[in-house]
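Geometric and topological summary
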Amino acid sequence: MRRTVTQLADGRELICFDDTEPYVSGGAARNLHDARDLPPVTATSELRLDPLTGEWVTFAAHRMDRTFLPSAADCPLCPTRPGGPPTEIPADYDVVVFENRFPSLTPGGDAAPTIDDEPLWPRRPAGGRCEVVAFTSDHDARFADLPVSRARTVIDVLADRTAELSASAGVRQVFCFENRGTEIGVTLEHPHGQIYAYPFLPPRSQVLLDRARAHRAATGRSLQRDVLDAERRAGSRVVAAGAHWTAYVPAAARWPVEVHVAPHRDVPDLAALTDDERDELALMYRDVLGRVDRFFDGRDRVPYVAAWHQAPVGDGREHGRLFAQVFSVRRAVDKLKYLAGSESAMGAWISDTTPERIAARLREVAE
C-alpha cells in the first residue's frame, strides 16, 4: 500500500492510499492537484454538558447546509472526470481519506466556559477531527462486493488513521464507522465510511468502560473476552468462526438485525492487529455484510451501521477491547424499527425478535 498526503484547495488534508499498479510501486503518480477555488473551512463547533446525564452534546450548526443526496453525476466522492464537475477527489483512486468539509468536530474555537454564566451549563470547543473514507471510486459498489484485497486495504487504512489520530493531542476516542442507506440518514450514497476523533469519551464507550472496569475488579478478567468465550461455548448465536475471529449475535441484541465481529486475541484497536488477523478479517467482514444484505429477500441493499468499538485513548485503555457491531433498523422488507417512547425517552429497549432467530437467519443466508 502506497500512502500519499496532499491538500485540497481549501487547505483540508487528503490522503491517497494506493493498492493497484502502477501506483502502489511508485511507477506512476495520481494527479491530486485540486484546481477548485474554495475559501478555507472556518466552521466551528462547541460542546455543551447536559447536567442531567453528564453527557457532552455537540453543536455544529454549519452542518445544516451540507450536501444532501446529490445525483450520481454530482457525487462529490466520485473522482473528477474530464469535462465533469470538480469533486472532493481530483483523480481516480483506490482508497482515499480526507477531512470532512462539514465536520461535526472542529479544531480551535474560543467558546465561553459556561452558558449564560451558569455553572450548571459548562461548554467548551468541540476540538477533534472528522474524516471521510471513500472505499472505492466505483459509485455503485457495496463493501461486501469489494475484492478481498481492497477490503484488506480499507482495514489497513482504518488502522493507519486510528494510530495517527490516537496520537493527536486531546483525542479520547477514535471511532471508525460506515452508515449506509437513506433510512440510516446518509447524505451521500457513494460507498464510504467516516472516522471521528472525539475529544471526550462518548456515552456508549463510557458505559462499556465502566462495565469492563467493574467486571475486572470483581473477577480479574476482561468482560468482553468473557462474553466472546461464552458465545463461542454456547454456539447457538455464532454466525461464522475462523482461526482469529468469531461473528455472533449477542445474547441481548437490541436491533432486528445485529451481529458482532470480535477477535480471539485481546487487542485494543485496529492498529494492533497482526497481518494474519487482518487477512481473515477482510474475508469475514465482507461475508457478514453480504449476509446482512441477504437477510430479508436479497433484492435490496439493507440499511446498516457498521461501527468499530475501540479502546479509549489514555485513562481506561486497558479495559477496552476491539469489536465491530453491525446492525440495521430494518425489521422486515417494508418495515423499519422506530425508536419510539420507551427506547427514545427512557432508553428501555424492546425487541421485536430474538437473537437466536437473527443468528439462525444469518447462518441460513451464507453463500
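Everything here concerns the structure above.
Residues numbered from 1 in each chain as written. Predicted model: local features only at pLDDT ≥ 70, side-chain atom pairs only at ≥ 80, totals over all residues. Heavy atoms only, no water.

Brief notes about the sheet that holds strand β7 (residues 118–125)
Strands pair in a sheet through their backbones, by hydrogen bonds, and they do so in one of two ways: parallel or antiparallel. Cut-off, in case you're wondering: Note: two strands are recorded as paired if DSSP finds a minimum of 2 bridges between them. Helix and strand assignments come from DSSP, with helices taken as H or I runs of at least 4 residues and strands as E runs of at least 2, each series counted from the N terminus.
Spatially, β4-β3-β7-β6 is the arrangement adopted by the four strands of the open sheet, whose pairing is antiparallel. Each edge of the sheet is formed by a strand with only one pairing partner; in this case those strands are β4 (55–59) and β6 (114–115). Here two bridges tie β6 to β7, and the two strands are oriented antiparallel to one another. Looking at β7, one finds that threonine 114 is bridged to proline 122.

Things to note about helix α1 (residues 148–166)
Basically, it comes down to this: How far a helix is expected to stretch is found by multiplying one less than its residue total by 1.5 Å. A simple rule labels every residue: compare its accessible area, found with a 1.4 Å probe on the protein chains alone, to the largest value its type can have, and call it buried under 20%, exposed over 50%, or partly exposed in between.
Here α1 contains 19 residues, and its C-alpha end-to-end distance of 27 Å stays within 8% of the 27 Å for a straight helix at 1.5 Å per residue. For α1, the tally of buried residues reaches 14 of 19 residues, placing the bulk of the element in the interior.

Concerning the environment of serine 351
Spelled out, the test is: We call two residues contacting when some pair of their heavy atoms lies within 4.5 Å.
Considering the arrangement of structural elements, one finds serine 351 in the loop between α5 (341–346) and α6 (355–364). Put simply, serine 351 and arginine 331 are 20 residues apart on the chain and 9.9 Å apart in space, counted from C-alpha to C-alpha. For serine 351, the residues in contact, after removing those within four places along its chain, are Ala253 and Arg254.

Focus on the nonpolar core
Within soluble globular proteins, side chains that are nonpolar generally end up buried alongside one another. So the rule is basically this: Put simply, a nonpolar core is a bunch of buried Ala, Val, Leu, Ile, Met, Phe, Trp, Tyr and Cys residues held in one set by side-chain atoms that sit within 4.5 Å of each other.
The biggest cluster of nonpolar side chains holds 53 residues, and the ones touching the most others in it are Phe143, Leu270, Leu281 and Trp308. Ignoring anything within four residues of it in the chain, the contact list for leucine 270 reads Leu158, Ala159, Thr162, Cys176, Arg278, Leu281, Trp308, Gln310 and Leu322. Judged by nonpolar contacts, the second largest core, of 15 residues, contains Leu8, Leu32, Cys75 and Leu77.

So, unusual backbone geometry
The omega torsion across glutamate 21 and proline 22 is 5 degrees, close enough to zero to call that bond cis. With respect to the helices and strands, the residue proline 22 is situated in the loop between β2 (13–18) and β3 (46–50). The phi dihedral of leucine 69 is positive, around 45 degrees, even though this residue is not glycine. With a phi angle near 60 degrees, aspartate 117 is a residue other than glycine that sits in the positive phi range. Mapped onto the fold, aspartate 117 is located in the loop between β6 and β7. A relative accessible area of 70% places aspartate 117 in the exposed class.

Here we look at the packing of aromatic side chains
Here is the rule: Geometry of aromatic contacts follows a simple scheme: Phe, Tyr and Trp rings, the Trp one being its six-membered ring, pair when their centres are within 6.5 Å, and the pair is stacked under 30 degrees between planes, edge-to-face over 60, tilted otherwise.
Using the criterion set out here, one finds twelve aromatic pairs in the structure. Aromatic pair tyrosine 198 and phenylalanine 200: ring centres 5.4 Å apart, planes at 55 degrees, arrangement tilted. The same class applies to tyrosine 198 and to phenylalanine 200, which are both buried. Ring centres of tryptophan 255 and phenylalanine 327 lie 4.6 Å apart, and the angle between their planes is 15 degrees; on these two criteria the pair is classed as stacked. Within this pair, whereas tryptophan 255 is found in the loop between β12 (245–248) and β13 (257–263), its partner phenylalanine 327 is found in strand β15 (residues 323–328), the two being separated by 72 residues in sequence. Considered together, tryptophan 255 and phenylalanine 327 belong to a single accessibility category, that of buried residues. Connected via pairs of aromatic rings, a cluster forms that spans Phe135, Phe143, Trp245, Tyr285 and Trp308.

Focus on α6
To be explicit about the condition: The arc in question is the one traced by the directions running from the helix axis out to the C-beta atoms.
When we look at burial in α6, the residues that qualify are Pro355, Ile358, Ala359 and Leu362. Angular distribution of buried residues about the axis of α6 spans 95 degrees; they occupy a single face of the element. Opposite the buried face of α6, by more than 90 degrees, sit the exposed residues Arg357 and Glu364. Buried residues along α6 sit against β11 (238–241), β13 and α4 (275–293).

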